[in-house]
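# Structural overview for review
Listed below, chain by chain, are the residues.
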Amino acid sequence: MRGVMVQIPNTPASFAPPRSVPTSADVARLAGVSRATVSYVLNNTSAVRISEPTRRRVHEAARELGYVPHAAARSLRAGHSRMVLMPAPAFPVGPLYSRFLTDLQGALGRLDYTVVQYGSIGLQGDEAARAWAELRPVAVLVPGAGLGPRGVAVLKRSGARAVVTLGPETVEGAYALLMEHEAVGHSAGAHLYDRGRRRIGVVVPQQPGLEVFSGPRLDGVRQALRGTDATVTELPLGYDEESAARLAARWPQLGLDAVFAYNDEYAMLLMRALQDAGVRIPEETAVVGADDLMLGRLLRPRLSTVHLELPSGRELAELVDRAVRDPGAPPETHKVLGATVIHRESS
């Protein structure tokens, strides 16, 4: 039998075996407390009173050791995870909505929830719900429309204690935060009519996904002007300078004396194109946006807008927390979108 010589390399002197993963017992020894105290402190348990100096010692020991609580083990002890799933919106998200989501994530984090954003491009409605359920979240916050009762049932069977929809309609079995965008259009239409405008255009964005908002806003303008001598003209518009320039070139033929431009971003886009085409604002055409972005105040003329009143992230986080703590409670419905016109120079 032929022998095979194997050379074993010398172990470098600098090589050190991997350090063991620190445990809660290590933290307890370093802080001079019990493992139960470590658990209470690091899990932000409010049911047990622990002095502030003790809390500081536990946190300092955990930092020194590099200890991080084991999420899976904590979920097993609690009987559910602390993960709140936020599927990525299927529509373009503007600055206002982005601020709202950031505020909400921070508020949930302060309540000891882990927020996970899920990119579900290509998945919609109940099909998307099955993908979300695979992650076993304790709560799911669904932006927009599309989720149905079947999807809610799938999520609840997977362990989700709260399913919250943020959109224009309620869904059986889910908490609903109703964003009635008709109020936004109604406010803009009433404002323009009160300013003496009678031939009013309404921008309808051509970006996919925005129809769930633009349709109700158009309906709101029509409701505000129903029974008056005013007319409403629908204005499809892409979000690019070429589309805005083409629409502005047709403005004399349209004969409009006002426009509700869906939101501030579309208002800025169209207002620049109208000014380039020689249309005087507000003398010939009044312009109103929505969202009350800071950039609108920097334009000349300053942009009139509809200020949207959204719930605070803290309020919504507390709603999620209540639902998680009491999963048998009947789902609540809240109207969460207020609308107030801020009159500036453009109208």
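Read on for an overview of the structure. (Residues numbered from 1 in each chain as written. Predicted model: local features only at pLDDT ≥ 70, side-chain atom pairs only at ≥ 80, totals over all residues. Heavy atoms only, no water.)

Within the protein one finds 14 helices and 12 strands. The 347 residues of the protein split such that 46% are buried. Sequence separation of at least 24 residues holds for 71% of the intrachain contacts in the protein that already meet a minimum separation of 6. On the protein, roughly 18,500 Å² of surface is accessible, and the fraction owed to carbon and sulfur atoms is 52%. (Helix = DSSP H or I, 4+ residues; strand = E, 2+ residues; numbered from the N terminus. Buried < 20%, exposed > 50% of the residue type's maximum accessible area, 1.4 Å probe, protein only. Contact = heavy atoms within 4.5 Å. Areas by Shrake-Rupley, 256 points an atom, 1.4 Å probe, with all protein chains shown as cover.)

We now examine the packing of aromatic side chains. By the definition in use, this model includes 2 aromatic pairs. Between Tyr262 and Tyr266 the ring centres are 6.0 Å apart and the planes differ by 85°, which places this aromatic pair in the edge-to-face class. Each member of the pair Tyr262 and Tyr266 is classed as buried. Through a chain of ring-to-ring contacts, three or more aromatic side chains come together here, namely Tyr239, Tyr262 and Tyr266. Across the ring face of Tyr262, the terminal group of Arg217 is positioned such that the distance to the ring centre comes to 4.7 Å. (Phe/Tyr/Trp six-rings, centres within 6.5 Å; stacked < 30°, edge-to-face > 60°. Lys NZ or Arg CZ within 6 Å of the ring centre and 35° of its normal.)

Taken in spatial order, the 6 strands of this open sheet run β2-β1-β3-β4-β5-β11, and their pairing is parallel. Taken across any chain shown, the strands that pair with only one partner, and hence form the sheet edges, are β2 (114-118) and β11 (333-335). Shown here is a sheet whose adjacent strand axes are inclined to one another by a mean of 15°, direction ignored. Summarising the sheet, strand β1 (residues 83-87) and strand β3 (residues 139-143) pair through 2 bridges and their orientation is parallel. Bridge assignment links Leu85 to a residue of β3, and that residue is Val140. Set on the sheet, helix α14 (residues 313-325) makes contact with β1, β3, β4 (162-167), β5 (175-178) and β11; between it and β4 the angle comes to about 150°. (Pairing = 2+ DSSP bridges. Axes fitted to C-alpha atoms, helices over the stretch in contact; angles between N-to-C directions.)

Let's shift gears to the sheet that holds strand β8 (residues 258-260). If you walk across this open sheet you meet the 6 strands as β7-β6-β8-β9-β10-β12, and the pairing is mixed. Each of the sheet's edge strands pairs with one partner strand only, and the pair in question is β7 (231-237) and β12 (338-342). Taken over all neighbouring pairs, the strand axes of this sheet differ in orientation by 20° on average, direction set aside. Bridge count between strand β10 (residues 304-309) and β12: 5 bridges; the pairing is antiparallel. The residue of β12 that forms the bridge with Leu308 is Ala339.

In a packed pair of helices, the relevant descriptors are the angle between the two axes and the axis-to-axis distance. At a closest axis distance of 9 Å, the pairing of helix α1 (residues 24-31) and helix α3 (residues 52-65) adopts a crossing angle of 125°. Judged on the interaxial angle alone, α3 and α1 are oblique. By crossing handedness, the relation of α1 to α3 is classed as right-handed. Each of Asp26, Val27, Leu30 and Ala31 in α1 lies in contact with α3, whose residues at this interface are Arg57, Val58, Ala61, Ala62, Glu64 and Leu65. When grouped by side-chain class, the residues that make up the contact of α1 with α3 number 7 nonpolar, no polar and 3 charged. (Parallel < 35°, antiparallel > 145°, perpendicular 65-115°, else oblique. Left-handed = near helix turned anticlockwise from the far one by under 90°. Nonpolar A, V, L, I, M, F, W, Y, C, P; charged D, E, K, R; others polar.)

This part takes up α1. When α1 is considered as a whole, its buried residues turn out to be Ser24, Ala25, Val27, Ala28 and Ala31. The buried residues of α1 occupy an angular sector of 160° when the element is viewed end-on, so they sit on one face. Where α1 is buried, its residues contact α2 (35-42) and α3. Backbone geometry just downstream of α1 places Gly32 in the positive-phi region, at approximately 75°. (Arc of directions from axis to C-beta.)

Tallied over the entire structure, the rule returns 13 salt bridges. The closest approach of N and O atoms between Asp292 and Arg344, which form a salt bridge, is 3.0 Å. Here Asp292 is found in the loop between β9 (286-290) and α13 (294-298), whereas its partner Arg344 is found in the segment after β12, with 52 residues between them in sequence. No difference in accessibility class separates Asp292 from Arg344, as the two residues are buried. One continuous salt-bridge network, built from bridges that share partners, spans Asp292, Arg297 and Arg344. (Salt bridge = Lys/Arg side-chain N within 4 Å of Asp/Glu carboxyl O.)

The next subject is the environment of Arg302. Here Arg302 lies in the loop between α13 and β10. Taking relative accessible area as the criterion, Arg302 reaches 31% and is therefore assigned partly exposed. Separated by 42 residues in the primary sequence, Arg302 and Arg344 place their C-alpha atoms 5.8 Å from one another. In contact with Arg302, not counting residues within four places along its chain, are Gly296, Arg297, Arg344, Glu345 and Ser346.

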